[in-house]
Each structure stands twice: as structure tokens, then as C-alpha cells.
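Chain residues, written in single-letter form:
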Amino acid sequence: MSERQGTSVAPQFVQGMGLFSATAIVMGSMIGSGIFIVSADMSRGLGSPALLIAAWLVTAVMTMIGALSYGELAAMMPKAGGQYVYLREALGPLWGFLYGWTLFLVIQTGTIAAVGVAFGKFLGVFVPSVSAQNWIWHIGHVPPWHVGPMVLGNMDIGLNTANLSAIVVITLLTLLNTLGVKMGAAVQNVFTSAKVLALAAVVLVGVLAKNSVAVAANFGAGWHNFWAGAGWHTMHAVQVGVGGPTAYVGLFTMLAVVQVGSLFSSDAWNNVTFTAGEIRNPKRNLPLSLAIGTGVVLLLYVLCNFVYLSVLPMVGDPVATTIAGRGIQFAAEDRVATAVMEQAFAGYGSKLMAAAILVSTFGCVNGMLLAGARVYYAMSQDGLFFKSVGKLSERSKTPVNSLWVQWAWTCLLCLSGSYGQLLDYVIFAVLVFYILTIAGLFVLRRTRPDAVRPYKAFGYPVLPAAYIVMALWICAVLLRYKPQYTWPGLVLVLLGIPVYLVWARMPRSQSVEMTANEG
């Protein structure tokens, strides 16, 4: 680094975050808008209360195993960039680059954009003029493009009041994070605390406002109704692709199909590893924050779904005129949590929930903005991203240029489509890199047996191997039955190979010239 910046001492990251702040990043990045929405779509596919809970439990088990496995890598290599560094060190620089490339194009920025657009969606509850249909500048509509079982495009491009709200929030939080990691961490601590309290409040509502009709429909005497439709030999209908034929699949296949929703809602727990260079005593606090943060959030997620089942019938009618009649399956705009609060507190429940989701999405965007910029910084340090992105601000000791490059691409994604379209391609690519990273744990145990490991993965090698098997099964099922979610993401990953080959061979001086005006 000193050679690239002359004889002056380059700015270094400030270790300004302790265990609480690190845990807040884990929890705050995980809790966005998904838990309040995705159970509706999952219920339409599953049709069984027991399978809905089972799907969330599968996600919880996988996420906990993943977090405990990452804890070893985080304690072993507490460096800025996190998962990018683990892939680079275990499998080689190409794999690290493909992760960073996909993170920048889709995983991180796409999720930030999706959650930001969700912020605008729920702001519309209080300010009706904030809506995806209220266009300020409608550039045009991209027609649908049918490619086999996939439909690409089919989205409106332009600026409306909903994505404008997302852009304003992303801009504000990017600006705050340029002021220093302590500022970003302070914002994260406040909003994570608020959103955890909001989730806990939803759980409390389920205890105090049970609906006898919903309880009878979803559980029944001796929990008979709870287990209905969850038999080992029960077949479930799945539409293959968009407009494709209907296939009938078994229990394990169906659970894999619906993981798109629950895994997306539980994702981004790994973001704390990106900030390792700014965490005090990272060899202790990183593994602890991963275990505590994921454990608390996943417990709240499972409890929230029990709450949904105790307040609303799972099975509903899309044309019903009452909240209970529409049930979980057909909650208005899939806002299950809002419907639950409105059922419990008629007249103002929806606004209470909307306010909680605004807090949740705001905190989620902040955590992901803070963390993501550290990956592009690490890539730049390796000569695999714009040179200026690999510099820290003299004043704030933060990767300011990286934050603004991330901001620019995220804002473009906000203008390009809706919340659903942005999240569709994320989870498959995420799973692929989780599999590769946990496989890297096995590689590093073999290639670096004497490396210092302050924490060793719980249950190694059985649990990490179980994660890989479960994730591979989900990927295989999604490739077969939900190609519209998988192939576009896979193509994006593969497009990174020629980009890597060009960038890796580019002389450093040429890279400097190309990015002299960056940031």
C-alpha cells in the first residue's frame, strides 16, 4: 500500500466497533422487510401450517450452521472484506473476485435497492402520494422477453415517488457513513434496537390478541389441522418457470422451492465479516456476534410465523372483503404482519406496523451500505476494482470513494424495477457463494493446518458438510423448478470470469489512468 501512495503513511481503519455494534450489524442487516411479507407467498405454495414453520426452521438451521462455520474463518482472518478474503485465500483470487463482482452487481446493491424500495412502499401508508404508480419521470416500459422458462425485462424504468424515497434514504445513509465508522455504527445500534423491539412487539401481539377462528383453522383439536397437508406422501403443485407446466413434487422438494423467501429474509448475516478491520478484538467478537445475532433473529422469525398463524387463518380467499377472510395466503399486497396488526388493532394497526417496517428497512439499508463498501475496498487493494476505491479518507478513515461508487450503482438499480424483480436473482447466487465459502473451510483445514484458529467451527466436519448438502439440494431444486430465479443470477456470476481475466492482466498504471477521476 505504501508503494502506491508514496512515502506518506496511508490511513488505516479505526477499530471503533465492539461486540454490541458488531451484533447490531448482523441483526440489522438480516431484518429488513422480508419477514413481514414473504410468508404470504410461502403459504400459497405450501398450504400447510406445519410446512410453513418447517420451512423457516430449515432456514434457521442452515443459517446457524453457516454463521458458526464462518466464525472460524472470521477469527482466523479478521480482515476488511470478509467473505471475499476467505474465498480468495481458500480457493484463489478468481473466486474472490466472482463473489465481489456478484456482490456489487446484484447481491449487496440489489438487496439495498430492494429494501429501499420497500421503505418507499410502506412510507405510502402515511404519505399516499408516495407510490410506485406516481411517476415523476417515466422513461419507459421494458417489454417482457421470454427466454425458455424465464421472463426477463417486463419492468418500468424511471423515477417515481417510491424509488425516489429509496434514493433519498440511500443517499442520506451513505453520507452519514462517510463521516466515520462510529457514526455508521451508532445509527445501526439505534435502529437495530428499535427493529428488534418491533419484532418482539409482534410476538407479544400474538400472545395477547389470539383469534379463536384462526387458532381453530390452523391448529385444531390436538393440532390436527396444523399437520394437515404435511404428510410424507403428500404431493404439492409447483409451476415450472413462468407460464410453464405444473409439476407435482414431494415434501423435501417443496420445502426447497419456498426457501427463496425465507432465505432471502434471513440473508446478509455475513455482512459483519466485511467490517472485520474495524471491530475491536475481532478474533473474539466476530464469532460471538455471528452466533448471537443470527440466533436472536431466527428465533424471532419463527415466533413471528407462529403469531401469524394465531391471528389469521393460513388459507384464504383472494376476493374476500375482510382481513381474516383473505388469510395469510392473500394478505393485501402480501403484507402479512400489517394484516395481523390491523386484525388485532383495527383502525390503527396497519400504521403501527408500517412505522415498524420503516424503522426496520432504514436500519437494514444502513448496515448493508456500511458493510458492502469494505468488500470493494479490499478488492481494490488487490488490484481488482477501481484504484481510488481502495483509499481511505484521511479525516474519517472510511472508504469514502467505495461508499459513493456503491451508492451510484444502487440508485441505478432503484430506477430499474420493483422490489420483487430486484430480489428474484439474489438468493441463488448467495447460496452458491455460501457453499463455496464453507467448502473453503475444509480446504483451509487441509492447506493451513497450523494456522492460528482462535475459534473452531462447531460440529466440524459434520455440520458444515450438512450445510453444503442442504444448500446443494436447494440449488438443484431451484434450477429445475424455478429457473426464472436461478439462471439469470448464474449468468451474472459467469460473466465475471472474462472481466476478471481482463482486470487481472491490466497493468496497475493503466488502471490508475482509467480511474484518475474516480471519486
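Residues numbered from 1 in each chain as written. Predicted model: local features only at pLDDT ≥ 70, side-chain atom pairs only at ≥ 80, totals over all residues. Heavy atoms only, no water.

With that settled, the discussion passes to the overall build of the protein. Along the backbone of the protein there are 22 helices and 4 strands. On C-alpha atoms alone, the protein measures out to a radius of gyration of 23 Å, which is about the 24 Å that the 2.2 N^0.38 rule sets for 519 residues. A principal-axis box enclosing the C-alpha atoms of the protein has dimensions of 75 × 55 × 45 Å. For the protein, the proportion of its 519 residues judged to be buried stands at 57%. Restricting the contact set of the protein to residue pairs at least 6 apart, pairs at least 24 apart contribute 77%. (Helix = DSSP H or I, 4+ residues; strand = E, 2+ residues; numbered from the N terminus. Rg over C-alpha atoms; globule rule 2.2 N^0.38 Å. Buried < 20%, exposed > 50% of the residue type's maximum accessible area, 1.4 Å probe, protein only. Contact = heavy atoms within 4.5 Å.)

Under the criterion given, the structure shown has 0 disulfides. In this structure C304 is not part of a disulfide, and its nearest cysteine sulfur, from C364, lies 15 Å away. (Disulfide = S-S within 2.5 Å.)

Turning our attention to the nonpolar core. Formed by 154 residues in total, the largest nonpolar core has its most connected members in F36 and Y308. Those residues in contact with Y308, other than ones at most four positions away along the chain, are I35, F36, S39, V202, I328, V336, A337 and V340. (Core = buried A, V, L, I, M, F, W, Y, C linked by side-chain atoms within 4.5 Å.)

To continue, consider the packing of aromatic side chains. Tallying each qualifying case throughout the model produces 28 aromatic pairs. Taking the centre distance of 5.5 Å and the plane angle of 50° together, the rings of F97 and Y500 count as tilted. With F97 in helix α5 (residues 93-123) and Y500 in helix α21 (residues 483-505), the pair connects residues that are 403 residues apart, well separated along the chain. Each residue in the set F104, Y376, F385, F386, W409 and W503 is aromatic and connected to the rest through ring pairs, giving one cluster. The lysine or arginine in question, R335, covers the ring of F122, its NZ or CZ lying 4.8 Å from the ring centre. (Phe/Tyr/Trp six-rings, centres within 6.5 Å; stacked < 30°, edge-to-face > 60°. Lys NZ or Arg CZ within 6 Å of the ring centre and 35° of its normal.)

Position of M470 among the secondary structure elements: in helix α20 (residues 462-481). In this structure, the C-alpha to C-alpha distance between M470 and D334, residues 136 residues apart in sequence, is 28 Å. In this structure M470 touches V58 and M62, once residues within four positions along its chain are discounted.

Here we take up the pattern of salt bridges. Tallied over the full model, the rule gives 9 salt bridges. Where R88 meets E89, a salt bridge forms, and the shortest distance between an N and an O atom there is 2.9 Å. Judged by its relative accessible area of 19%, R88 is buried. Salt-bridge contacts for R88 lead to D382; the nearest nitrogen and oxygen are separated by 2.6 Å. (Salt bridge = Lys/Arg side-chain N within 4 Å of Asp/Glu carboxyl O.)

Once that is clear, we can look at the environment of A162. Among the secondary structure elements, A162 is positioned in helix α6 (residues 161-177). A162 gets classed as buried once you look at its relative accessible area, which sits at 4%. For A162 and F122, which are 40 residues apart along the polypeptide, the C-alpha to C-alpha distance reads 9.0 Å. With residues near it in sequence (within four places) discarded, A162 still touches G120, V130, S131 and A132.

Our next topic: the side chain of Q329. Relative to the helices and strands, Q329 resides in the loop between α14 (323-326) and α15 (336-344). You can call Q329 buried: its relative accessible area is 9%. Here the side chain of Q329 touches S43 through a polar contact of 3.3 Å, landing on its backbone oxygen. Ignoring anything within four residues of it in the chain, the contact list for Q329 reads A40, S43, R44, G47, M314, V315 and G316. (Polar contact = N/O pair within 3.5 Å; in protein donor to acceptor, adjacent residues only side chain to side chain.)

Right, let's talk about the packing of helix α2 (residues 39-46) against helix α3 (residues 49-76) for a bit. α3 packs onto α2 with a crossing angle of 125° between their chain directions and a minimal axis gap of 9 Å. The angle between α2 and α3 places the two elements in the oblique class. The element α2 and its partner α3 pack so that their crossing is right-handed. Packed against α2, whose contacting residues are S39, M42, S43 and L46, the element α3 presents L51, L52, A55 and W56 at the interface. For the contact of α2 with α3, the class distribution of residues is 6 nonpolar, 2 polar and no charged. (Axes fitted to C-alpha atoms, helices over the stretch in contact; angles between N-to-C directions. Parallel < 35°, antiparallel > 145°, perpendicular 65-115°, else oblique. Left-handed = near helix turned anticlockwise from the far one by under 90°. Nonpolar A, V, L, I, M, F, W, Y, C, P; charged D, E, K, R; others polar.)

A few words now on a nonpolar patch on the surface. A cluster of nonpolar side chains, namely I136, W137, I139, L164 and V168, defines an oily patch on the protein surface of about 500 Å² accessible area. Elements represented by at least two residues in the nonpolar patch include exactly β1 (135-147) and α6. Ranked by residues supplied to the nonpolar patch, first place goes to β1 with 3 residues. For W137, a relative accessible area of 57% translates into the label exposed. (Patch = residues over 30% accessible without salt bridge, like charges linked within 9 Å, V, L, I, M, F, W, Y side chains within 5 Å. Areas by Shrake-Rupley, 256 points an atom, 1.4 Å probe, with all protein chains shown as cover.)

This part is about the packing of α6 against helix α16 (residues 349-381). At a closest axis distance of 10 Å, the pairing of α6 and α16 adopts a crossing angle of 50°. Taken together, the axes of α6 and α16 lie oblique to each other. Every pair of crossing elements has a handedness; the one defined by α6 and α16 is right-handed. Between α6 and α16, the contacting residues are V169, I170, L172, L173, T174 and N177 on the first element and F362, V365, N366, L369 and L370 on the second. For the contact of α6 with α16, a count of residues per class yields 8 nonpolar, 3 polar and no charged.

Bringing the environment of V400 into the picture now. Looking at the secondary structure, you find V400 in helix α17 (residues 400-416). Judged by relative accessible area, which is 19%, V400 ranks as buried. When the C-alpha positions of V400 and Y377 are compared, they lie 9.5 Å apart, and in sequence the two are 23 residues distant. Residues within four places of V400 in sequence aside, it is in contact with T178, K391 and S393.

With 17 residues, α17 should reach 24 Å at 1.5 Å per residue; the first-to-last C-alpha distance of 25 Å fits that figure. Looking at α17, one finds that the buried residues are V400, N401, S402, L403, V405, Q406, T410, C411, L413, C414 and S416. (Expected span 1.5 Å × (residues − 1).)

Moving on to the confidence of the model for the protein. In this model, the protein carries an average pLDDT of 88, and 94% of its residues clear a pLDDT of 70 or more. When pLDDT is averaged over each helix and strand of the protein, the minimum, 43, is found for helix α22 (residues 508-514) and the maximum, 96, for helix α4 (residues 83-91). Predicted confidence is poor over residues 1-7, with pLDDT under 50, and the contacts of this stretch with residues over four places away or in other chains come to 11 contacts. Scored below 50 in pLDDT, residues 509-519 shows 13 contacts in the model against residues more than four places distant or in partner chains. (pLDDT = per-residue confidence, 0-100.)

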